[in-house]
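Summary of structural features
Residue strings, one per chain:
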Amino acid sequence: MSVVADGGEELSSFHLADLIGMIRNAEKNIILLNQARVRALEDLEMILNDKHALQAQINVLEMRLAETDTRVRVAAQEKIHVELLEEELQKLRSELFTRGGTGGNMQDVHEENRLSDRTSVHSFSEELSSLKKANISLKDDLEALKKELSDVKGTDERVLMQEKERSSLEYALKELEIKFSASQEDVSTLSNLKFECKSLWEKVEHLQELLDKATKQADQAISVLQQNQELRKKVDRLEESLGEANVYKSSSEELQQYNELMQQKIKLLEERLQRSDEEIHSYVQLYQESVKEFQDILTSLKEESKRRAQDEPVNDMPWEFWSRLLLMIDGWFLERKISTDDASLLREMVWKRDGHICDAYMACKETNEREAIATFLRLTSLPKRYYALNLRGIYCMRITSAIARIVMIFFNLSFLLIFSSGLHVIHIAAEMAPVAKVGGLGDVVTGLCKALQKRGHLVEIVLPKYDCMEYERIHDLRALDVVIESYFDGHLFKNKVWVGVVEGLPVYFIEPHHPGNFFWRGQLYGEQDDFKRFSFFSRAALELLLQTGKKPDIIHCHDWQTAFVAPLYWDLYAPKGLDSARICFTCHNFEYQGSAPTSQLASCGLDVHQLNRPDRMQDNLSHDRVNAVKGAIVFSNIVTTVSPTYAQEVRTAEGGRGLHVTLNSHSKKFIGILNGIDTDAWNPATDTFLKVQYNASDLQGKAENKEAIRRHLGLSSADVRQPLVGCITRLVPQKGVHLIRHAIYRTMELGGQFVLLGSSPVPHIQIIE
């Protein structure tokens, strides 16, 4: 989020390419809508045909329904008529019973009526049953008709929905046609812009040709400059040789004077001790032998001084050269092209910046890999370049004891200079500026490694290979022809290893071949399975160190993402032979501790039953969870944080976020070291991103930069002396967002200007404008 406070507004304009892209997108959308419209019309036509067919069926069904209704009414009337006849029959029967048999004729009539009634009733009952059956069938037909009618109603509703959708599509099509007509008008205005763009491209091509010519001239100048530098080095070496020759000349003159003095003494002895010729002769012979021995020592000293000059570290090569050389040797070893011993010797020569390995690289730079390996292996077959003189023989030389002591001191100092070396430090981290940076962790890793490298320590970094890294900032990035297998979730997964140079530092990138695509998420953090992602990476990083046969002095891990390194190292990898290092853990922010359910810790191969204890990795606030930072505090040899003040804050209940008890119990190995900055990267005298460079003795550039940023952000420049406050930070509660907001309003009240640049993972902070 970027906020500019001054009341001014920043004007924006569309570029030619953006407008052309918008027109093409509009044309594509119109074509798609036309296709959708055609499909909708076809669907509508099919629906209308279905509707007509259904309407015809509905008409037929309505006719059948009308006929059925008529038959039902007729049947009902007949039923009523039958019921009336039955009532009349019952009346007749009652009358006959009341009359009580009035004669034979009446009985006959009664019998006849009775028979006729029976026949009529029987016929009526049969007709009634048939009507009931017809009525039941009609009811079934009615139910079927009702179902068909409901289907017809549903079809009508779908037809209505299709008609509404068709109307909306027509409306959208009209709008797109209007936009297309407007875009056609814009295209007509773009023709002039295209012509101007074409002319600009021609100018750019012309400028590119000029730039190529200038580049060639610059390359020639650089080559001449390099030749001049080489000549200068040769001249310096000749001057040094001349100085040494003068020293040797002066010493030889002193010897000559001493010889003359001895000659005079010999003459005196000849005059005074004529009787002792044999003794004098033996003395002279002994003296001559001593002089010869002394000359031999001087000659050997000259040779050794030349050898020492060759063995001195090469300081005129950039750090990036040595890092590239180190990665090349490690690649040969991982690809099984050189042995472990040869790789160790070559790494040591690179670490000491040996001139012989530099010359070998320069000699085979244009050759193929096989010839280059052969050239480097010849270096490992040479005898050790120790001093060949026997130090004990110095005491036997027949020269003065003062010369012997001087020679002895010279040899001891040379020995210390050659065999003194720094530490081998490997950093395992989730960030490194500028290739993979979220916060200050990335800057600290890069700045600390560069500072250690300048002090003569061998520094290497291991990072995950994210898909969202700034790959253009990595030099000589290449994949090694080797696969490192690491354990996770009960299986062995392959990892591809990449190497490259970042800010002059050798970096190893691990790309897991895991179905979860752990580091192909478009971001570094913030995933639901971060605990599994980085526990996998921590174990794969240690597996890489084991497979490469490295013997580091210090393994430095940072924050909870690589806190797993400490328990993994001591529990699993020290028993396997990776046991030369001590573990340093740095926590940059104790708010993030890497807490997760205990079951997730077993994925990387750690023993949950042994580690889920109060004195090891069990979370202090939730006993059914493990805490990665707590595990690193317990298992590391030293624990650091970003400042002494913060180290005191986190040892309290409020600042420790539950870890204050653990930190206090391990207080002897917990210290705070104040973070610094990389003055090479953050130097206003050399920063090319500034409008004008400046330094402490010339502050004029600050005013010009202030004016430039005001113009860029559209701020008022009426008052040159008006203060301009800048704040660049991650907007999280730990940074004091409420204080920053108060500072903005207070600065505005006092007549100043405030520029804030930052982003926040917290939603309610990010939306603040």
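Let us look at the structure shown here. One numbering rule holds for all chains: residues counted from 1, following each sequence as written. Where local features are concerned, this predicted model is filtered to residues with pLDDT of at least 70; where side-chain atom pairs are given and counted, the filter is 80 or more; whole-chain, interface and lining totals use all residues. Hydrogen atoms and water are omitted, and side-chain values are computed over all heavy atoms in the structure.

Observations regarding the nonpolar core
Counting 85 residues, the largest nonpolar core has I428, M432, V462, L542, I555, F590 and L601 as the members making the most contacts within it. Numbering of helices and strands runs from the N terminus; a helix is a DSSP stretch of H or I covering at least four residues, while a strand is a stretch of E covering at least two. Of the residues forming this core, the biggest block, nine residues, is contributed by helix α10 (residues 530–547). Side-chain atoms within 4.5 Å are what join buried Ala, Val, Leu, Ile, Met, Phe, Trp, Tyr and Cys residues into a set we call a nonpolar core. For each residue, the accessible area found with a 1.4 Å probe, counting protein chains only, is set against the maximum for its type, and the residue is called buried under 20%, exposed over 50%, and partly exposed in between. Counting residues in each nonpolar core, the second largest holds 23 residues, with L325, C358, F376 and L458 among its members.

Topic: the pattern of salt bridges
By convention in these notes, a salt bridge is any Lys or Arg side-chain nitrogen within 4 Å of a carboxyl oxygen on Asp or Glu. Counting across every chain of the model gives 20 salt bridges. Ionic pairing is found between D443 and K437, a salt bridge with its closest N-O pair at 2.8 Å. Of the residues examined, K437 reaches a relative accessible area of 43% and is grouped as partly exposed. In this structure, R473 and E470 form a salt bridge, with 3.8 Å as the shortest nitrogen-oxygen distance. Given the relative accessible area of 35%, E470 is considered partly exposed.

Focus on the sheet that holds strand β7 (residues 554–558)
Being paired, for any two strands, means DSSP has found at least two bridges between them. Taken together, nine strands build an open sheet; the order of strands is β4-β5-β6-β3-β2-β7-β8-β11-β12 and the sheet is mixed. Sheet topology places β4 (475–488) and β12 (670–672) at the edges, where each strand pairs with a single neighbour. If you compare each strand with its neighbour and ignore which way they point, the axes differ by 25 degrees on average. Pairing analysis gives four bridges linking strand β3 (residues 458–464) to strand β6 (residues 505–512), with the strands arranged parallel. Considered in β6, the bridge of P464 is made with I510. Any two residues whose heavy atoms approach within 4.5 Å at even a single point are treated as in contact. Lines fitted to the C-alpha atoms define the axes, with helices restricted to the stretch that makes contact. Angles between their N-to-C directions range from 0 to 180 degrees. Running over the sheet, α10 touches β2 (424–428), β3, β4, β5 (491–502), β6 and β7 and is turned about 105 degrees from β4.

Let's talk about the side chain of T641
Among the structural elements, T641 can be located in strand β11 (residues 638–641). The buried category is assigned to T641, whose relative accessible area is 2%. Within polar-contact distance, the side chain of T641 engages the backbone oxygen of C587 at 2.9 Å. Setting aside residues no more than four positions away along its own chain, T641 makes contact with C587, F590, Y646, A647, F670, I671, G672 and I673. Polar contact criterion, stated in full: a pair of N or O atoms within 3.5 Å, where within protein one must be able to donate a hydrogen and the other to accept it, and residues adjacent in sequence count only if both atoms are side-chain atoms.

Let's talk about the pairing of β2
Taking burial as the measure, the five residues of β2 include five buried ones, the bulk of the element. Side chains H424, I426 and I428 of β2 all project onto a buried face; the interleaved residues V425 and H427 project onto the opposite face, where all are buried too. In this sheet, β3 lies alongside β2 in parallel orientation, the contact comprising five bridges. Residue pairing for β3: I428 is matched across the bridge by V462. This β-α-β element, β2 to helix α9 (residues 440–454) to β3, shows right-handed connectivity. Pairing between β2 and β7: four bridges, direction parallel. For I426, the partnering residue across the bridge sits in β7 and is I555. For a crossover, the right-handed case is the one in which the path from the first strand over the helix to the second runs clockwise, viewed with the strands pointing away from the viewer.

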